[in-house]
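# Commentary on secondary and tertiary structure
Read off the chains here:
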Amino acid sequence: EIQEALIEYAAGETSYMEKFWDDAYLYQEAPIVVNTNPCFILEDDPGKASHDQVARATSICMSTLKLVRLVRRELLEPDMIKHIPLSMDQYETVFGSARIPSADRDEVITDHKSTHIVVLCRGQAFYFDCVAEDGSLAITADEFSNNLHQIIENALKVDAEEVAENAVPVFTTTSRSKWA
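All values derive from a computational prediction rather than experimental measurement.

Another aspect to go through is the packing of aromatic side chains. In this structure the tally under the stated criterion is 1 aromatic pair. Relative to F144, the ring of F128 has its centre 5.1 Å away and its plane inclined at 70°; by these criteria the two rings are edge-to-face. Of this pair, F128 sits in strand β6 (residues 124–129) while F144 sits in helix α5 (residues 141–156), placing them 16 residues apart in sequence. Residues F128 and F144 agree in their burial class; the two are buried.

Here it is, written out as structure tokens:
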């Protein structure tokens, strides 16, 4: 009976899980940082970047920007299970998206033409452009690395007490009703 209901529901959907995930994720009242934010762990970089934070971040971000280009140009090969292509719709909200808090249910908005990256350093937000309007890379790895070094330098100039009082992550570590 449940299987039949799922089949009927899925007939008009690209993903029968997406609405349920969105509801569970966006209605969550508990602090989102520790309860619902996804994370992943990367293996150690076998190259020279593994011992240098900026080099490693540059390498990961430049690779991610190449993925952004593939997604936006719809050139990314679909994920497959037993030769059956899976829906790739979820990739549309991975990049250029923000979670907007509200009292009842948060909202995810996506700018498919966003051209910048946001970097958090010592609780401070910095951003810079790295994607051209046509979706191509607008920055070299050396330029990206230089930007990260400048961000670190600027972030260190701000007094630790001032950083703590104005840090962005502070808001999301309490219940949504307190900060939305």
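There is more to say, and it comes next.
Here the focus is the pairing of strand β5 (residues 116–121). The alternating pattern of β5 places I117, V119 and C121 on a buried face, while none of H116, V118 and L120, on the opposite face, is buried. Here β5 folds back onto β6, and the loop between the two strands holds 2 residues, one of which, R122, carries a positive phi near 55°.

A grouping of E13, E18, E74, D89 and E92 is seen on the molecular surface, where their side chains present a negatively charged patch. On the basis of relative accessibility, which here comes to 34%, the residue E18 falls in the partly exposed class.

A grouping of I2, L6, M17 and F20 is seen on the molecular surface, where their side chains present a nonpolar patch of about 400 Å² in accessible area. Among the structural elements, L6 can be located in helix α1 (residues 2–10).

Attention now goes to unusual backbone geometry. Even without being glycine, E74 reaches a positive phi, approximately 55°. Here E74 is to be found in the loop between α4 (53–72) and β1 (80–81). Judged by its relative accessible area of 70%, E74 falls in the exposed class. Positioned with a positive phi, R122 is a non-glycine residue whose angle comes to about 55°. With respect to the helices and strands, the residue R122 is situated in the loop between β5 and β6.

Which parts of space are left empty comes out when a probe the size of a water molecule is rolled across the atoms. Here the second largest pocket defines a volume of roughly 300 Å³. If you go around the second largest pocket, the residues you meet are V68, V71, R72, E74, L76, M88, D89, Y91, E92, F95 and H112. Taken together, the residues that form the lining of the second largest pocket break down as 6 nonpolar, 1 polar and 4 charged.

So, about the pattern of salt bridges. According to the stated counting rule, one finds 2 salt bridges in the structure shown. Salt-bridge contacts for R105 lead to D23; the nearest nitrogen and oxygen are separated by 3.1 Å. Here R105, found in the loop between β3 (97–100) and β4 (107–110), pairs with D23, found in helix α2 (residues 18–26); they are 82 residues apart in sequence, far enough to count as distant. A relative accessible area of 30% means that R105 is categorised as partly exposed. For D23, a relative accessible area of 22% puts it in the partly exposed group.

Further remarks concern the side chain of S145. With respect to the helices and strands, S145 occurs in helix α5. Assessed through its relative accessible area of 17%, S145 is described here as buried. Here S145 is in contact with V54 and T58, once residues within four sequence places are set aside.

Calculation criteria
Residues numbered from 1 in each chain as written. Predicted model: local features only at pLDDT ≥ 70, side-chain atom pairs only at ≥ 80, totals over all residues. Heavy atoms only, no water. Phe/Tyr/Trp six-rings, centres within 6.5 Å; stacked < 30°, edge-to-face > 60°. Helix = DSSP H or I, 4+ residues; strand = E, 2+ residues; numbered from the N terminus. Buried < 20%, exposed > 50% of the residue type's maximum accessible area, 1.4 Å probe, protein only. Pairing = 2+ DSSP bridges. Patch = residues over 30% accessible without salt bridge, like charges linked within 9 Å, V, L, I, M, F, W, Y side chains within 5 Å. Areas by Shrake-Rupley, 256 points an atom, 1.4 Å probe, with all protein chains shown as cover. Salt bridge = Lys/Arg side-chain N within 4 Å of Asp/Glu carboxyl O. Lys, Arg positive; Asp, Glu negative; His and termini not counted. Charge placed at Lys NZ, Arg CZ, Asp CG, Glu CD. 1 Å grid on protein atoms, 1.4 Å probe; cavity = no way out; pocket = protein on both sides within 12 Å on 5 of 7 lines; lining within 4 Å. Points joined across faces, edges and corners; volume = space filled by probe spheres on them. Nonpolar A, V, L, I, M, F, W, Y, C, P; charged D, E, K, R; others polar. Contact = heavy atoms within 4.5 Å.

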